[in-house]
Amino acid sequence: MTWLSGGDAFAYARETADDVILVRVDIPQARRTVVARASDIVSRLPFSVAPERLTAGSLNLSPDGEAAILSVPGGQYRYSLANGVLTPLPTTNQATSPDGRHRVFTRAHDLYASGPDEQVRRLSADGALWYSFSGAMADTQPTDAAILENRLDDTPPWIGWIGGGPLFYVVRQDLRQTGETWLLDAMAQPRPRLATHKMPYPGEANLPRQELWVFDASGARAPVQVQTQGWDHLGNLDMGAGGFWPSNDGRTLYFARVSRGYGTVELCAADVATGEVRVILSESHPTGSSVRYRDFRALGDGFLWRTERDGYEHYGLYGWDGRFIRMVTPEPLATQRLLHVDEDRGEIIYGAYDDATVRNPAQVRARRTNLATGESLALDQEDAHHELSVSPTGRWYVDTLSRPDMAPQILVRDRDGQVVMTVETSDTTALTAAGWVPPRPVTALADDGETKLYGWLWPSGRRGAATHPLVSIVYPGPSGESTPFRFDPTDQASALAELGPMVLRAGQRGGSAVRGSAYHRYALTFGNVRDYPVADNAAMIRAVATQDAAVDLSRVGIMGHSGGGLMATTAILLQPDLYKVAVASSGNHDNNIYEMGSGEFHFGHPITGPAGGPNGYATNQELASRLQGELMIVHGMRDSDVPVTNSLRLADALIKAGKRFEMLILPSQDHGFTGVDADYAKIRMWTFMIDKLEADQLQPVDLPVRR
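Please read these numbers as outputs of a predicted model, since none were measured by experiment. (Residues numbered from 1 in each chain as written. Predicted model: local features only at pLDDT ≥ 70, side-chain atom pairs only at ≥ 80, totals over all residues. Heavy atoms only, no water.)

Draft legend 1. Quick look at the pattern of salt bridges. The tally for this structure, following the rule as stated, stands at 52 salt bridges. The shortest N-O distance in the salt bridge between Arg 323 and Asp 321 comes to 3.8 Å. Judged by its relative accessible area of 49%, Arg 323 falls in the partly exposed class. Here Asp 321 falls in the exposed class, since its relative accessible area comes to 58%. The salt bridge involving Glu 630 is made with Lys 692; its shortest N-O contact spans 4.0 Å. Here the residue Glu 630 occupies a position in strand E42 (residues 630-636), and Lys 692 occupies one in helix H11 (residues 675-693), the gap between them amounting to 62 residues. Of the residues examined, Lys 692 reaches a relative accessible area of 23% and is grouped as partly exposed. Look at the salt bridges and you will find they share partners, linking Glu 149, Arg 151, Asp 185, Arg 193 and Arg 638 into a network. (Salt bridge = Lys/Arg side-chain N within 4 Å of Asp/Glu carboxyl O. Buried < 20%, exposed > 50% of the residue type's maximum accessible area, 1.4 Å probe, protein only. Helix = DSSP H or I, 4+ residues; strand = E, 2+ residues; numbered from the N terminus.)

Given below as C-alpha cells:
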C-alpha cells in the first residue's frame, strides 16, 4: 500500500476473480474509490497480458496520487488517472540521489557517476572479479552468473545516500580468498557452463571481508574508507538488508558490526569526512544474538536500539554515551518492527508478537509505548494477525487482520486503536460453495512436556472415510516456522488436503525468535543441527491424533523445502515407526557444505562448538542405512542457496546402502522453483506422497546390491 502526501489518504491493490483493482481511501471523508483496473491498463499495452494472471503487487498508485504504476514482464508503465495516457517508464541501472541531480552506476566492477553536467566520472579504479562494486554481485553468497550472462552492469549498485546531496555509502566484499563451489548451467547454449559460487563453509578461515566506503558522486571529495577494523559482518546479517543509518545532517554514518558467530554486536558512528569510527555501545551474547535485523532510531537526546538484552527482541532507550536507560517495549513479547516514532508526544507505535501462553505467537498486534515511562498499551483486541501500516503523521494506521480460519478485514484505526473506518470485509460465499473448509488450530506440548506448540490442521477433502493419512509440512527454522498466521486459501496445505490426507503445519523449539532467545537458541543448546526439530514434530502429530480420531497414525508422511527437506529426511530415517513417506526438496542434508552464516550463527562451530563432532555437523547421509520408508529427493541443479551437492551426497549414501528411493533433479532451477518446473515438481511430489500413503502395502526399500 502507498500513503499519499499529507497522510490522510492511502491506496492499495487487491485481486478479484479476473482482475486487479487499485483503490484509493480518503480517511476524513470515509471514502473508498476504485481509481484503476489492471484490465483497462493492459488493454492499452502493445503486447498481450492476461489481467487475471496479475497479482496485487503489479499495480500501485504513484505517491502524488495522479497515476497508476503497472509492472508486468514487459516493463513498467505509468497510467495517468486524469486522461488515461499510458507511458512506458525507463528501466535503469542507475541509483539516483534524493535531489535527482546525481546518478551512480557501475562498469566492469567499478563505480561511475554523472551529474547535472551529464559528464561521466569514474569514482573507483580497483574493482575486480570478487572485489566488485557491481549490484549484480552484491550478495551474501554471490556467483559470477551475471558475468557469464552479460548482465553485470544491468543492476544499480547497492548504495545508500547520505543527506540530500551527492554523498553515498557502499559496502564492497572481498571474496578473492573465499572458497568456491560451482553451479552447472546445463541449459546454456551452445555448451553447458559452470558458474563459480563463493560460499564459505562452517569452520573455514577465509570469510568474505567487507569494506565500508563513502563516495562523493560529484567528484568533489576523494573516497573515504570507514575504519571498520576487519569485523566479520557490517550492517545486518544479509547484504543489502540495512544496518546503516546516516544522520540527518549528513556528517555521521551509524552502523552495526557483528563478530563471527554473532557473539558481539556493536553500534558505531563513523565520521563521514574522515572515516574514523567511534563505538557507541557493545553487546555480548554468549550463545549468539538472535536479532537478525538491527534497528536504530536517533532521538534528540538519545536513541532507540533493537536489542535482546532481556531475552526478547525489544527496543531500548539509550543515551548518546551508550548508557542504557530503559526498555521501551518492556513486556515479554518480542517486537516485530517499529512503525512510528513521535518525538513531540514522546511515543512510539510498534508491532509486537502475541503472547505464546494464550495465543499463536506468530500473530502480530499493534502497541503504543510512552518513551518517558515505558508504559505500553495494546491498540487492538482481536485474536488475529494484524498487518500494520502507520500514516506518516501517526494519526492513523491501517490494520489488515486475518487468521487461517478467518477471512481478512481492512480497517482504519486512530492512534488509540479505535476503528474509524471499515474499508473492506471479505465474502467467502463462493469459496465455501466450492467446498473449501478452513483449517482448525491445534496445540500440543513439545517433547520436553512443557513448551506449548502451535499449529493448524486441514481436514481431508474426502469427507466419507472414517480415517485419513496425515501429512506434516515442516520447516525447522531458525528464521521462521511452518505455522501459518494469516488467511490464505491457496496455501499448499489446503490444496494437498483436497487430495485426501489431513495436513498439519506446526512449529517447534528453535523455530524462530518471536518467542525469545531461549526458544530461538534451542538448536544451539541442544547441539545438533540435524536432529533437534523431529522430536517436537512427532510429539505434535501424536497429540493431534489423540484430539482427532480421523488421524491414521499408521499412514503419516512428512515433507519440506530447504531446512524442511533436511528435517523431512531426518524424520523418516530416525523415526520410521511413525513416518512412512517423506518428500525432501532442496534440503541442506550436509551442513558441512552449507554456508557458514546459518550454520555458525545458529549451531556453533562445526568441530569445537555445541554441534561439533570429530567429523563436523551431523549429516543425513550418516543415517542412510536406516531408511525403511518411501523417500523422494528433489533439488534444483542451479541452487545458489543450498547447493545440489547436499542431495547428491545423500543419494550416493543411499545407493551405497542399497536403498530404493526416488530422485528428481530440475536442471534449470535455483533454490525456489518457478514457472512450469514449479508446477511439475509439485505434481510429482504430491503424487508420490498420496500414492505411497494410500498404497495397500509399501514395497521393501532394500535392494540386493553387493556391499
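Draft legend 2. A look at the sheet that holds strand E37 (residues 452-458). With respect to topology, 8 strands assemble into an open sheet ordered E36-E37-E39-E38-E40-E41-E42-E43, the strand pairing being mixed. Of all the strands in the sheet, just strand E36 (440-445) and strand E43 (662-666) have a single pairing partner and so form its edges. Neighbour to neighbour, the strand axes of the sheet diverge by 20 degrees on average, direction disregarded. When E37 meets strand E39 (residues 502-506), the two strands line up antiparallel, connected through 4 bridges. Within E39, the residue paired with Trp 458 across the bridge is Val 503. Against the sheet, H11 contacts strand E38 (468-474), strand E40 (551-561), strand E41 (579-585), E42 and E43, and its axis sits at roughly 170 degrees relative to E41. (Pairing = 2+ DSSP bridges. Axes fitted to C-alpha atoms, helices over the stretch in contact; angles between N-to-C directions. Contact = heavy atoms within 4.5 Å.)

Draft legend 3. Layout of helix H7 (residues 534-547). Spanning 14 residues, H7 covers 20 Å between terminal C-alpha atoms, matching the ideal 20 Å at 1.5 Å per step. For H7, every residue scored as buried is listed here: Val 534, Asp 536, Asn 537, Ala 538, Ala 539, Met 540, Ile 541, Ala 543, Val 544 and Ala 545. (Expected span 1.5 Å × (residues − 1).)

Draft legend 4. The arrangement of H11 in detail. Taking 1.5 Å of rise per residue, 19 residues should cover 27 Å, and H11 covers 28 Å from first to last C-alpha, within 8% of that figure. Within the sequence span of H11, burial applies to Ala 681, Met 685, Trp 686, Phe 688, Met 689, Ile 690 and Leu 693.

Draft legend 5. Spotlight on the environment of Val 364. Residue position: Val 364 is located in strand E30 (residues 364-370). Of the residues examined, Val 364 reaches a relative accessible area of 1% and is grouped as buried. Val 364 sits 12 residues away from Ala 352 along the chain, and the two C-alpha atoms are 5.4 Å apart. Excluding residues that lie within four positions of it along the chain, Val 364 makes contacts with Gln 336, Gly 351, Ala 352, Tyr 353, Ala 384, His 385, His 386 and Leu 388.

Draft legend 6. Focus on the nonpolar core. Residues Leu 504, Met 540, Val 544, Tyr 579 and Leu 654 are the most contacted members of the largest nonpolar core, which totals 40 residues. Setting aside chain neighbours within four positions, we find Val 544 in contact with Val 442, Leu 457, Leu 470, Leu 504 and Val 551. Membership of the second largest hydrophobic core comes to 23 residues, among which are Trp 456, Ala 497, Val 634 and Phe 673. (Core = buried A, V, L, I, M, F, W, Y, C linked by side-chain atoms within 4.5 Å.)

Draft legend 7. Inspection of unusual backbone geometry at higher detail. In this structure, Pro 190 follows Gln 189 across a cis peptide bond, with omega equal to 0 degrees. Mapped onto the secondary structure, Pro 190 falls in the loop between strand E15 (180-185) and strand E16 (193-198). At the junction of Gly 477 and Pro 478, the peptide bond is cis and its omega measures out at 10 degrees in the coordinates. Within the fold, Pro 478 resides in the loop between E38 and helix H4 (492-498). One non-glycine residue with positive phi stands out, namely Asn 150, at about 60 degrees. Along the chain, the position of Asn 150 falls in the loop between helix H2 (145-148) and strand E13 (159-161). One non-glycine residue, Tyr 262, adopts positive backbone phi at about 65 degrees. Following the sequence through the fold, Tyr 262 ends up in the loop between strand E21 (252-258) and strand E22 (264-271). Overall, Tyr 262 belongs to the buried group, its relative accessible area being 3%.

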